[in-house]
Amino acid sequence: MELIEDLNQIKAPFNNAVVTIGNFDGVHKGHQALLHQVIKKGKQIGGTGIAMTFEPHPLRALGLSSPPLITRRDQKIELIESSGIDVLLCLPFDKAFAQITAQEFIEDILVKKIGMKTIVIGPDYTFGKNRVGNIELLKAKGEELGYETIVPDWIRDVETGKARISSTVIRQLVMDGHVDRAKHYLGRFYQIRGKVITGRKRGGSQLGFPTANIKLHDELCPKFGVYAVTVETIHGKFKGVANIGFSPTFGDHIFTIEVHILDFKENIYDSRIRVNMVERLRDEIKFSSIAQLSDQIRTDIEKVKEILK
């Protein structure tokens, strides 16, 4: 996949460009369906499959409040690349870009600069200054400028067939701790990433279960509690149990994300790991003694082994 981060990098229009545009936060099944349709159409017309997204999120660039991101820039790029798309335009968004009119965006950027012959876009897509651009305008300009507009139906929840798959739904599921349900919408486990830092060094010495303490990279933190997880490290992928919260038994009121990696003895301080959130086991509990907490962790580990068997 070719990554382009500035329109000035484009020296000539792409061949028969098939384009989709969006924030793609989460790169969930709905986004994946758009990307796959772009790829399919590109093959049909011998063209180039292109996804366009923006950094930072347009709401933030305009100084407006926005929800926590499901996927930060690095993971979003990885996931879009894994779809098989040919080119990703990850363009800077600022107040000047926001002043581009919808008509200018279509004519000058999509058609003249990129060479768009087909656009595949969601039914609620709006764009341009004051967000006046919409599907109707895209279709009307397509007749004039010679490109096709494809508007697929929403991808629905596979469990109920009713709820639309959306970043908003996924975000709420993760914040409520329903990471197992979020997987149905994402097409993969929700993943948090971070650097392993020095913690309070009590996991191994006091509890008998050494933990990797993570400095969280992601914005969207799952609901506090204990989770069955898989952990991707420089040494491979392992099973684990994660605790997110304030460790109430110790009473020090410090937020931590700690992961006990099963059957693992390597030193991974200062390295980055990825934690796939498989299932929430329980709330955090304040135990009357460290011995009781250790017993509960043993029970948690057995549950994790059963879940990840």
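This text follows the structure it describes.
Residues numbered from 1 in each chain as written. Predicted model: local features only at pLDDT ≥ 70, side-chain atom pairs only at ≥ 80, totals over all residues. Heavy atoms only, no water.

### Topic: the sheet that holds strand β8 (residues 212–216)
Read once around its circumference, the closed barrel built from 6 strands follows the order β7-β8-β11-β10-β9-β12, with strand pairing classed as antiparallel. Between one strand and the next, the sheet's axes are offset by a mean angle of 45°, whatever the strand orientation. Looking at chain direction, strand β10 (residues 236–245) and strand β11 (residues 256–261) are connected through 6 bridges and run antiparallel. Bridged to V241 within β11 is H260. Lying over the sheet, helix α10 (residues 290–307) contacts β9 (225–233), β10, β11 and β12 (272–282), oriented at roughly 100° with respect to β12. (Pairing = 2+ DSSP bridges. Helix = DSSP H or I, 4+ residues; strand = E, 2+ residues; numbered from the N terminus. Axes fitted to C-alpha atoms, helices over the stretch in contact; angles between N-to-C directions. Contact = heavy atoms within 4.5 Å.)

### Overview of the nonpolar core
General note: in soluble globular proteins, nonpolar side chains tend to be found buried as a group. In this structure, I21, M52, L89, F105, L110, I114 and L138 are the most contacted members of the largest nonpolar core, which totals 32 residues. Elements with a contribution of two residues or more to this core: β2 (17–21), β3 (48–55), β4 (87–92), α4 (95–98), α5 (102–113), β5 (116–120) and α6 (135–145). Ranked by residue count, the leading element in this core is α5, at 6 residues. In this structure, I21 is in contact with M52, F54, F105, L110, I119, V120, I121 and Y125, ignoring residues within four places of it in sequence. Counting residues in each nonpolar core, the second largest holds 29 residues, with I192, A212, L220 and F264 among its members. (Core = buried A, V, L, I, M, F, W, Y, C linked by side-chain atoms within 4.5 Å. Buried < 20%, exposed > 50% of the residue type's maximum accessible area, 1.4 Å probe, protein only.)

### Quick look at the packing of aromatic side chains
For the coordinates displayed, the defined rule picks out 10 aromatic pairs. Arranged with centres 5.4 Å apart and planes meeting at 50°, the rings of F93 and F97 form a pair that is tilted. Assigned by exposure class, F93 and F97 land together as buried. Taking the centre distance of 6.4 Å and the plane angle of 70° together, the rings of F97 and F105 count as edge-to-face. Taken together, the aromatic side chains of F54, F93, F97, F105, Y125 and F127 make up a single cluster linked through ring pairs. (Phe/Tyr/Trp six-rings, centres within 6.5 Å; stacked < 30°, edge-to-face > 60°.)

### Points about a nonpolar patch on the surface
The grouping of L59, L62 and L64 at the surface amounts to a nonpolar patch, some 230 Å² of accessible area in total. You can see L62 is positioned in the loop between α2 (58–61) and α3 (73–82). (Patch = residues over 30% accessible without salt bridge, like charges linked within 9 Å, V, L, I, M, F, W, Y side chains within 5 Å. Areas by Shrake-Rupley, 256 points an atom, 1.4 Å probe, with all protein chains shown as cover. Salt bridge = Lys/Arg side-chain N within 4 Å of Asp/Glu carboxyl O.)

### Description of the side chain of S83
Inspection of the secondary structure assignment puts S83 in the loop between α3 and β4. Taking relative accessible area as the criterion, S83 reaches 18% and is therefore assigned buried. A polar atom in the side chain of S83 sits 3.4 Å from the backbone nitrogen of I85. When residues no more than four places from it in sequence are discounted, the contact partners of S83 are L35, H36 and I39. (Polar contact = N/O pair within 3.5 Å; in protein donor to acceptor, adjacent residues only side chain to side chain.)

### Considering α10
For α10, built from 18 residues, the straight-helix expectation of 26 Å at 1.5 Å per residue is met to within 8% by its first-to-last C-alpha distance of 25 Å. Restricting attention to buried positions, one finds in α10 the residues L293, S294, Q296, I297, D300, I301 and V304. End-on, the buried residues of α10 take up no more than an arc of 160°, which puts them together on one face. (Expected span 1.5 Å × (residues − 1). Arc of directions from axis to C-beta.)

### Some details on the packing of α5 against α6
Interhelical geometry of α5 versus α6 gives an angle of 50° and a closest axis separation of 11 Å. Regarding the angle of α5 to α6, the classification is oblique. The two elements α5 and α6 meet at a crossing, and its hand is right-handed. Across the interface between the two elements, A102, Q103, I106, E107 and V111 of α5 pack against L137, L138, K141, E144 and L145 of α6. Its residues placed into classes, the contact of α5 with α6 shows 6 nonpolar, 1 polar and 3 charged. (Parallel < 35°, antiparallel > 145°, perpendicular 65-115°, else oblique. Left-handed = near helix turned anticlockwise from the far one by under 90°. Nonpolar A, V, L, I, M, F, W, Y, C, P; charged D, E, K, R; others polar.)

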